[in-house]
Amino acid sequence: MSHENLLAAPRPRGRPRLEGAEDRALDAVIELLEIAPVHDITMERIAERAGLSKITLYRRWPSRLALFIDALLRRVTETQPLDEALAPLPAIANNLATMGRRLNGMNGALARAVLGESLADPEMAHILRDRWLAHRRDAAIRLIGRGQADGSFLAEGEAEELHDMLYGALWYRFLFGVGRFSETVALDFMAKVLRPKPGWQASWTAPD
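A quick note: this is a predicted structure, and the numbers were derived from the prediction, not measured.

A. Here's a closer look at the environment of A149. Tracing the chain through its elements places A149 in helix α7 (residues 122–150). Along the chain, A149 and V193 lie 44 residues apart, while their C-alpha atoms are 16 Å from each other.

B. The layout of surface pockets, seen in detail. Empty space within the largest pocket amounts to approximately 610 Å³. Taken together, 25 residues line the largest pocket, and the ones lying closest to its centre are L115, W132, L133, Y167 and W171. Secondary structure elements with two or more residues in the lining of the largest pocket: α4 (64–79), α5 (88–102), α6 (106–119), α7 and α8 (159–176). Counting residues per element, the lining of the largest pocket draws most heavily on α7, which supplies eight residues. Considered class by class, the residues forming the lining of the largest pocket number 16 nonpolar, five polar and four charged.

C. Region of the structure containing the packing of α6 against α8. Relative orientation of the contacting elements α6 and α8 amounts to 90 degrees, with a least axis distance of 11 Å. What the angle tells us is that α6 and α8 run roughly perpendicular. Contact with α6, carried on its side by G108, A111, R112 and L115, involves W171, F174 and L175 of α8 and no other residues of that element. Residues that form the contact of α6 with α8 fall into these classes: five nonpolar, one polar and one charged.

Rules and cut-offs
Here the residue numbers are simple positions, counted from 1 along each chain's written sequence. Where local features are concerned, this predicted model is filtered to residues with pLDDT of at least 70; where side-chain atom pairs are given and counted, the filter is 80 or more; whole-chain, interface and lining totals use all residues. Values shown for side chains rest on all heavy atoms present in the structure; no hydrogens or waters enter the calculation. Working definition: helices are DSSP H or I runs of at least four residues, strands are E runs of at least two. Numbering for both runs from the N terminus. We place a 1 Å grid over just the protein atoms. Points where a 1.4 Å probe fits but has no way out form a cavity, open points with protein on both sides within 12 Å along at least 5 of 7 lines form a pocket, and any residue with an atom within 4 Å of a point lines it. Grid points are joined across faces, edges and corners, and a volume is the space filled by probe spheres set on the points. Residues are sorted three ways: Asp, Glu, Lys and Arg are charged, Ala, Val, Leu, Ile, Met, Phe, Trp, Tyr, Cys and Pro are nonpolar, and all the rest, Gly among them, are polar. Axis angles are defined between N-to-C directions and span 0 to 180 degrees, where every axis is a line fitted to C-alpha atoms and, for a helix, only to the segment in contact. Note on terminology: angles under 35 degrees are roughly parallel, angles over 145 are roughly antiparallel, angles of 65 to 115 are roughly perpendicular, and the others are oblique. Contacts are assigned to residue pairs that have any heavy atoms within 4.5 Å of one another.

Encoded structure:
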């Protein structure tokens, strides 16, 4: 698998592994979101779509929401990269560009499903925040801090505050439908908040 399953329950000792079960279940969630509203996607439908038993799903995920969180994690990891191996400016720009594109499609539908249900389940909200959101937030804050240090970003202030000003505004627009939300808007916000060095667009190529 291309990501770490944060919520999948440990397999009991001695229980045979069903090859590819996690991937099949996560793929099934995405496929069902393309054809059905969120409230109609039950564990039964996911199991049927994946060719698995419901028991197999519950051995790996304690709830439907836990499975949705893992599906969101994989989807975002694959399609909205936040690569700390890159220089700070292209890493943040790539992330924002793909965020502006992908959240207007399937990623957005899955994100709304997960966030909406998490609000009604404090325990799952805690998991979503601490195990998924915090990881990406911390990575972005480190990149912004590195960019300030090497002159890629000219904005002054704490990297954490700059991160929240930038990403918080974009998530607000996405979740509440306030104002426009797109790749162009996301990069414009980056320019206003982080103040990248002049001419940065000439050395940056938007990701596919």
